[in-house]
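Summary of the model geometry
Given next are the chains, with one letter for each unit.
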Amino acid sequence: MSFSSPGVLLLLILLPFFVWLGRPRSTQNQKRTWISLTLRLTILVLLILGLAGIQVIRSSDDMAVVFLIDASDSIEEEQAEQAEQFVRRSLESMRPTDQAAIVIFGSNALVERPMSRLSEMAPITSVPISLQTDIAEAIRLGLALFPAGNARRLVLLSDGLETTGNALNAAELAAAAGVPIDVIPLKKTLTSAEVFLTQVNTPSQVSQGELFNLEISAESTVDTVADVRVLSEGQLVYEESHPLRTGINNFVIQLRASDQQFARYIVQISPSEDKYHQNNQLASYTEIVGPPQILLIAGISDNAQEPELAFEHIAQLSSALEATGLNVVQITPDKLSSNLAELNNFDSIVMVNVNAKHLSNREMTSLQSYVRDLGGGLVSIGGPESYGMGGYFRTPLEETLPVDMQIMDQERFPSVSIVIVMDRSGSMAVEEGGLAKIQLASEGAVRVVELLNDFDTITIIPVDTEPDQLIGPVLASERETIVNQIRGIGAGGGGIFVRAGLQAAADALDQSPGNVNHIILLADGADSEQKEGVAELISGLVEEGATISTVSIGDGPDVQWLQQMAALGNGRFHFTDRAANLPQIFTQETTTIQRSYLVEEQFFPTLGNSSFARHHAIIRSLESQGITRVPSLDGYVGTSPKSNALVLLESHLGDPLLSAWEYGLGRSVAWTSDATGQWGSEWVNWDGFALFWSNVIRWSIQRSSGNFVETSVDYSEEEAKLTVEIRDEQNQYLNSYDMEAGIVSPEERSFTRDLIQTAPGKYETSFNPTEEGAYLIGISGESEDGQSAVAHTSGWILGYSPEYNQSQTDLAQLDKLSVVTGGRNLVVPEELDPAMVFDKGPLAAKARLPIWPWLVGLAVLLLPLDVAIRRLAITRQDLHGVWRLVLSKWQSPATAADQRSENIDRLFEAKQRATLPEKQKPVTSDPAPVTPSPEDGGQEMDQQNSINTGPTSGTNQPETSNDERTLASQLLEKKLRRQKNSSESSTED
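Before going further, it helps to examine the overall build of the protein chain. Secondary structure summary: the protein chain contains 26 helices and 43 strands in total. Considering the protein chain as a whole, with its 989 residues, one finds that 47% of them fall into the buried category. Pairs at least 24 apart in sequence give 74% of the contacts found in the protein chain among residues at least 6 apart. When the accessible surface of the protein chain is totalled, it reaches about 48000 Å², and 50% of it is carbon and sulfur.

In structure tokens:
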């Protein structure tokens, strides 16, 4: 007998307490009390044994075996065939009472065959992930497959090369469950040569043009020759042949750092003899430092014929930055990369009047991660197509910048009535990036609703052959209801009837007049229907003060016509070949018609209200140069500052002009005016123009150049340990810093880790990488007093799986698994009798049968009996009554029928006597006839005789005994005696 949870048995020590608590407290009913207490204690003991998982150990002829077959990449084809053939032969030797299951495992474990008595094996079809070997998961899955009441055994067929998990811990679980693990080593043949790279190291940081060493370690099973190549950013920088000896080979390659960048050096080795190619490539990151490098993104307008013309508008800004020692790279939005490693080559990114519709959502998300996770800098410079006017609302750009795109002061806005005529033709059901065009258009309409003020009016008119599913006109204050309705709009069929949609829009504007009336017409650019009369309808709407903008998704025959209708309606035409841009286009239209977002009037910037504004590094640097006044500006885009942002300069209306904040590990700055001659003609010609922008951009650069930061990553057992060492310019360790690391995976999933100081100047943390490839690591820290900070970006590459750098079978690991569980270490499959697997042996002969369900069931059955003994008082008379009832049930049917007949006859007789006249009633004879005395008188005697004689007085009637007299006769007799006694009393008187 054994217990699965023996600790529960400690509850048995409470039994004496329950005996004391339930003992009889009076001399009455002691017997019942002791019986009830005994039942309660029995129920309690049964429940405790059940909770302890009581099991009966018995001999069993039933054997259950689970085969664990290694299918990772380290298993050669010949080994896999050996394992499959051995399992097949073992199943053929099964007895009828035996059962077997099969688990196939690599980095995960799959059930190839559930527990079954079949002696045949089907071809293996399960395909686990083969990049790792997780023996522990296979053991745990195998334990879960065993049925109860059987002798159990695990049979592991593997090379023992565990790359993930902890097999010894899993083996201890099997030993605790009494399940032995028999191991069958799958030995490698070693008939072919194998060469693999084991390590590639480069300095974490070098200066531009500096010579540095690239260290390479490779291992070979034979003496051979290999070609070694080194690539940097796709360019071949080194190629040479190297002889390799059997064992570990180390050699150093000297390279010169190229241009300033975050460089990745990829090392490839091509041996003359080799088996696996997966282990012939490794890489390492190096940061090549130099003067701060800035990426300048010049916004382009929809009407620009040549994107290069955009560079002319930022020429003065670019020249001013280069004059202050910054390296500037100019691009247009369509050239922006979404690759974080490429963005990380720059210390700060500056956007000048960039419209959000010219950036994909992935590109904006990459900019956000570049600042938040890698500690980069972002500076946004305004213009007529930036911020709210550029569709930044509800985008990653808005989350990253220190300002919100909405102006919270609603009193500055005119009331607006906006109508969206939305194409819901069949072509709008086409998906783009997993979402249908109609869904993206609906999301754009949702953002319009969220951007409008409560007193504005919105109408949504979906149109195919006719307007359908109209929403509104309704106040924007009912946002929740409107948004739910908009997201329920689906695509229809046919084409879009433009005139019907615009006529419905005109009717909606008549019902909801506002100070500003605007219509947005969305079509997919294909041939539209019912275009006759549209121009006249638009002209009429314009005469009434409305404006019409058009949006075309994709190229088509109607694009030019839609552009003409927008010009006729005094609106704007938007063309996009990506439906994902619709939300940005819709929000840009909304902010444009609200007019208050675009402030075009001359004003002088003033310091922000915060006391910290004057002491900020940007402002303090200007004052140190004797600059206390700044020139006037002619316009800006209205925004609202975020709660944690610092407003350094503001406009005459109190709107933020220059705002800054720290976002994640990086920093971002928002300048809501421009840096060109449109709004900043005075600033462009100002002597402090270059100094001002140099201060702004240098502040956004969080990465320090004065402090030395070195990072390293050590990877083992699925865990990467990140170590960071920081020193100052005098090579002194920096201690007690609040350090944090932002890590971006190859799939651009980001997470943060706090760094803990473990030694002077050394900080450490760990993480669990799950994806092969390059990890970007941003380091940020600040001293306790906040006076000093460090920032650094590095990278680490998780190379090929350890499956490919182990060439020998790990017999020692397999021995440990068998010894821990009391199993057997068997020889290679060809020399092993397959029937041994189902040999019970001394350990397998014992099987555990759980009996706790029976004990709990018995406790449930005893509970009502305990309640009955305590609540019911059964006397001896109750027992006699039950006994008589039982006896009556046992009597024969005939006897019972006779008794019933006799009783019925007596009842009928009594009834008959009761209904007869007094003179006709039969005389009931008494056991002792009453003889009247002479003193009674003749009258009483006559009366008595008349009562006791029947109609035929001369006839002798049979006498009736006392036992046969009826109840009626007895009552009559008592009545007569009372009358007689009464008469005698009156006579005496």
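In this section: the packing of aromatic side chains. With the rule as written, the count across this model stands at 19 aromatic pairs. Ring geometry for Phe603 versus Tyr636: centroids 5.3 Å apart, planes at 75 degrees, classification edge-to-face. Here Phe603, found in the loop between strand E29 (598-599) and strand E30 (606-607), pairs with Tyr636, found in strand E31 (residues 636-637); they are 33 residues apart in sequence, far enough to count as distant. The buried category is assigned to Tyr636, whose relative accessible area is 0%. The ring of Trp699 carries the charged tip of Arg667 above its face, separated from the ring centre by 4.6 Å.

Turning our attention to the sheet that holds E30. If you walk across this open sheet you meet the eight strands as E17-E16-E18-E19-E35-E34-E33-E30, and the pairing is mixed. For this open sheet the edge positions go to strand E17 (327-331) and E30, each flanked by a neighbour on one side alone. Summarising the sheet, strand E19 (residues 377-381) and strand E35 (residues 666-671) pair through five bridges and their orientation is parallel. Within E35, the position partnered with Gly377 by the bridge is Arg667. Each of strand E16 (293-298), strand E18 (348-352), E19, strand E34 (656-663) and E35 touches helix H19 (residues 689-700); the most contacted strand, E35, lies at about 150 degrees to it.

The next thing to look at is the pairing of strand E33 (residues 646-650). On a regular strand, each side chain points to the face opposite its neighbour's, so the side chains alternate between the two faces of the sheet. Burial of E33 is extensive: five of the five residues sit out of reach of the surface. The pairing of E30 with E33 spans two bridges and is antiparallel. Within the sheet, the bridge partner assigned to Thr606 lies in E33 and is Glu650. Pairing analysis gives four bridges linking E33 to E34, with the strands arranged antiparallel. Counterpart to Glu650 in the pairing with E34 is Pro656. Hairpin connection between E33 and E34: a loop of five residues separates the two successive antiparallel strands, and Gly654 in this loop has a positive phi of roughly 85 degrees.

Reading across the sheet, the five strands line up as E5-E4-E3-E6-E7 and stay open at both edges, with mixed pairing between neighbours. Among the strands making up the open sheet, the edge pair consists of strand E5 (109-116) and strand E7 (181-185). This sheet shows a mean twist of 15 degrees between the axes of neighbouring strands, independent of strand direction. Most of the contacts of helix H3 (residues 77-92) go to strand E3 (residues 63-70), to which it runs at about 170 degrees, and overall it touches E3, strand E4 (99-105), E5, strand E6 (151-158) and E7.

Another point: unusual backbone geometry. In this model, Tyr387 sits at a positive phi of 50 degrees, which is unusual for a non-glycine residue. Look at Ser736: it is not a glycine, yet its phi comes out positive at around 60 degrees. On the secondary structure map, Ser736 appears in the loop between strand E37 (719-727) and strand E38 (738-744). Taking the relative accessible area as the measure of exposure, Ser736 reaches 37% and is therefore partly exposed.

It is worth spelling out the side chain of Asp464 at this point. Residue position: Asp464 is located in the loop between strand E24 (457-463) and strand E25 (471-475). A polar contact of 3.0 Å, which involves the side chain of Asp464, links it to the side chain of Arg424. Side-chain polar atoms of Asp464 contact the backbone nitrogen of Glu466, separated by 3.4 Å. Beyond its immediate stretch of four places on either side in the chain, Asp464 contacts Arg424, Ser425, Gly492, Gly493, Gly495, Ile496 and Phe497.

The geometry of helix H14 (residues 534-543) relative to helix H15 (residues 559-568) is characterised by a closest axis approach of 9 Å and an angle of 25 degrees between their N-to-C directions. Our classification of the angle between H14 and H15 gives roughly parallel. For the pair H14 and H15, the crossing hand works out as right-handed. Here H14 contributes Val534, Ala535, Ile538, Ser539 and Val542 to the contact with H15, which in turn contributes Trp561, Met565 and Leu568.

Glancing now at the pattern of salt bridges. The full count for this structure, using the stated rule, is 18 salt bridges. One salt bridge in this structure joins Arg95 and Asp98, with 3.0 Å as the shortest N-O distance. Residues Arg824 and Asp182 are paired through a salt bridge, measuring 2.6 Å at the closest nitrogen-oxygen approach. Residue Arg824 is located in the loop between helix H20 (811-821) and helix H21 (841-844), and its partner Asp182 is located in strand E7; the two are separated by 642 residues in the primary sequence. Take Asp182: its relative accessible area is 2%, and that puts it in the buried class. Put simply, Arg153, Asp182 and Arg824 are held in one network by salt bridges that share partners.

The next thing to look at is the pairing of strand E39 (residues 750-759). Strand direction decides the pairing type here: E38 and E39, joined by six bridges, are antiparallel. Bridging across to E39, Met739 finds its partner in Leu755. From the end of E38 to the start of E39, which pair antiparallel, there are five residues, and Glu748 there has a positive phi angle of about 60 degrees. Of the strand pairs in this sheet, E39 and strand E40 (residues 762-767) are connected by three bridges, and their pairing is antiparallel. Residue pairing in the sheet places Gln757 in a bridge with Tyr763 of E40. As consecutive antiparallel partners, E39 and E40 are separated by two residues, and within that stretch Gly761 has a phi angle of approximately 70 degrees, a positive value.

The next subject is a nonpolar patch on the surface. Where nonpolar side chains cluster on the molecular surface, the patch consists of Leu11, Ile13, Leu14, Phe17, Phe18, Trp20, Leu21 and Leu51 and spans about 800 Å² of accessible area. Here the nonpolar patch takes four residues from helix H1 (residues 15-22), the largest share from any one element. As for its placement among the helices and strands, Leu14 is situated in the loop between strand E1 (2-3) and H1. By relative accessible area, Leu14 is classed as partly exposed at 38%.

Criteria and cut-off values
- Residues numbered from 1 in each chain as written.
- Predicted model: local features only at pLDDT ≥ 70, side-chain atom pairs only at ≥ 80, totals over all residues.
- Heavy atoms only, no water.
- Helix = DSSP H or I, 4+ residues; strand = E, 2+ residues; numbered from the N terminus.
- Buried < 20%, exposed > 50% of the residue type's maximum accessible area, 1.4 Å probe, protein only.
- Contact = heavy atoms within 4.5 Å.
- Areas by Shrake-Rupley, 256 points an atom, 1.4 Å probe, with all protein chains shown as cover.
- Phe/Tyr/Trp six-rings, centres within 6.5 Å; stacked < 30°, edge-to-face > 60°.
- Lys NZ or Arg CZ within 6 Å of the ring centre and 35° of its normal.
- Pairing = 2+ DSSP bridges.
- Axes fitted to C-alpha atoms, helices over the stretch in contact; angles between N-to-C directions.
- Polar contact = N/O pair within 3.5 Å; in protein donor to acceptor, adjacent residues only side chain to side chain.
- Parallel < 35°, antiparallel > 145°, perpendicular 65-115°, else oblique.
- Left-handed = near helix turned anticlockwise from the far one by under 90°.
- Salt bridge = Lys/Arg side-chain N within 4 Å of Asp/Glu carboxyl O.
- Patch = residues over 30% accessible without salt bridge, like charges linked within 9 Å, V, L, I, M, F, W, Y side chains within 5 Å.

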